[in-house]
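# Observations on chain architecture
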Amino acid sequence: MSDNTREFLRHIVATVAYRASKAIGDAPPNFADFKIGKSTKTPIQILSHMGDLYDWALSQLRGEETWKESETLQWNGEVERFFSALESVDKYLSSDSEIHTPIERLFQGPIADSLTHIGQIAMLRRLADSPVKAENYFKASVEIGRVGKDQDPPIYEFY
């Protein structure tokens, strides 16, 4: 796999981090359990699933594909877990380690799914009267490798 392909995958992961930070950052304390219907998932359940998606993506990259549905943590714990999983994927992609899965499938599976869920969380924010500020994402400061919680400057703020 070319270095350009790895860099593009890393840019995608950084984009996911940026978009997720916008959707979940500065959410009000009661947002985690916001529900719009009996059969809908709460934001914390969606975020937990997103962490599972990136754990799964890492297992695919390593050639040890494993799906595990994790027990849902408190909101801040899920935030930590999600960004930690993104960091692990980015770290793997930045290494010389072999990629053991077709990158197209990696994108069409866990990555695309996570982007859908980020949109769901953003929509739930609006429905919870806490909308995400609009932005021109073409001009967003997405940087390869800037995927973790402790980046400087931070990519998100949480309660």
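Just so it is clear, the structure is predicted and the values come from calculations on it, not from any experiment.

Reading guide: rules and limits
Residues numbered from 1 in each chain as written. Predicted model: local features only at pLDDT ≥ 70, side-chain atom pairs only at ≥ 80, totals over all residues. Heavy atoms only, no water. Helix = DSSP H or I, 4+ residues; strand = E, 2+ residues; numbered from the N terminus. Rg over C-alpha atoms; globule rule 2.2 N^0.38 Å. Buried < 20%, exposed > 50% of the residue type's maximum accessible area, 1.4 Å probe, protein only. Contact = heavy atoms within 4.5 Å. Lys, Arg positive; Asp, Glu negative; His and termini not counted. Charge placed at Lys NZ, Arg CZ, Asp CG, Glu CD. Phe/Tyr/Trp six-rings, centres within 6.5 Å; stacked < 30°, edge-to-face > 60°. Polar contact = N/O pair within 3.5 Å; in protein donor to acceptor, adjacent residues only side chain to side chain. Patch = residues over 30% accessible without salt bridge, like charges linked within 9 Å, V, L, I, M, F, W, Y side chains within 5 Å. Areas by Shrake-Rupley, 256 points an atom, 1.4 Å probe, with all protein chains shown as cover. Salt bridge = Lys/Arg side-chain N within 4 Å of Asp/Glu carboxyl O. Axes fitted to C-alpha atoms, helices over the stretch in contact; angles between N-to-C directions. Parallel < 35°, antiparallel > 145°, perpendicular 65-115°, else oblique. Left-handed = near helix turned anticlockwise from the far one by under 90°. Nonpolar A, V, L, I, M, F, W, Y, C, P; charged D, E, K, R; others polar.

### Focus on the overall build of the protein chain
- Looking only at helices and strands, the protein chain features four helices and zero strands.
- Mapped in sequence order, the helices and strands of the protein chain form the string α-α-α-α.
- The C-alpha radius of gyration computed for the protein chain amounts to 15 Å, which stays within 12% of the reference 15 Å derived for 159 residues, consistent with globular compactness.
- Across the 159 residues in the protein chain, those meeting the buried criterion constitute 43%.
- Contacts in the protein chain between residues far apart in sequence, at least 24 positions, make up 81% of those at least 6 positions apart.
- The average position of the 18 basic charges and that of the 24 acidic charges among the side chains of the protein chain differ by 6 Å.

### Examining the packing of aromatic side chains
- If you walk through the whole model with that rule in mind, you get six aromatic pairs.
- Look at Phe31 and Trp75: their rings are 6.0 Å apart centre to centre, the planes differ by 85°, and that puts the pair in the edge-to-face class. Of this pair, Phe31 sits in the loop between helix H1 (3–24) and helix H2 (43–62) while Trp75 sits in helix H3 (residues 75–94), placing them 44 residues apart in sequence. Just as Phe31 is buried, Trp75 falls in that class too.

### Some points on the environment of Glu135
- Take Glu135: it is sitting in the segment after helix H4 (103–127).
- Measuring from C-alpha to C-alpha, the distance between Glu135 and Leu115 comes to 16 Å, with 20 residues separating the pair along the chain.
- The residues contacting Glu135, other than those within four sequence positions of it, are Tyr18, Lys22 and Ala140.
- In this structure the side chain of Glu135 is engaged in a polar contact, spanning 2.4 Å, whose partner is the side chain of Tyr18.
- Of note is the side chain of Glu135, whose polar atom sits 2.8 Å from the side chain of Lys22.

### Some thoughts on a nonpolar patch on the surface
- Where nonpolar side chains cluster on the molecular surface, the patch consists of Ile36, Met123 and Leu127 and spans about 310 Å² of accessible area.
- Locating Leu127 in the fold gives a position in helix H4.

### Points about the packing of H1 against H3
- Running from N to C, H1 and H3 cross one another at 170°; their axes reach a closest spacing of 9 Å. Here H1 is positioned roughly antiparallel relative to H3, judged by the angle of their axes. The crossing of H1 and H3 is left-handed. Each of Arg6, Leu9, Arg10, Val13, Val16, Ala17, Ala20, Ser21 and Ile24 in H1 lies in contact with H3, whose residues at this interface are Trp75, Val79, Phe82, Phe83, Leu86, Val89, Asp90, Tyr92, Leu93 and Ser94.
- Split by residue class, the contact of H1 with H3 holds 14 nonpolar, two polar and three charged.

### A short note on the side chain of Arg81
- Structurally, Arg81 can be placed in helix H3.
- Its relative accessible area of 16% is what places Arg81 among the buried residues.
- Within the structure, the side chain of Arg81 is placed 3.2 Å from the side chain of Asp55, a separation counted as a polar contact.
- Leaving out residues up to four positions away in the same chain, Arg81 has contacts with Ser48, Gly51, Asp52, Asp55, Ser70 and Leu73.

### What to know about unusual backbone geometry
- Non-glycine residue Asp26 carries a positive phi angle of around 60°.
- Of note in the backbone geometry, Asp129 takes a positive phi value of approximately 60° without being a glycine.
- Within the element layout of this structure, Asp129 appears in the segment after H4.

### Considering the pattern of salt bridges
- Summed over all chains, the structure comprises seven salt bridges.
- Residue Arg81 is joined to Glu78 by a salt bridge in which the shortest nitrogen-to-oxygen separation is 3.2 Å. Of the two residues, Arg81 and Glu78 both sit in helix H3, three residues apart, roughly one turn of that helix.
- Residues joined by salt bridges that share partners form a network here, namely Asp52, Asp55, Glu78 and Arg81.

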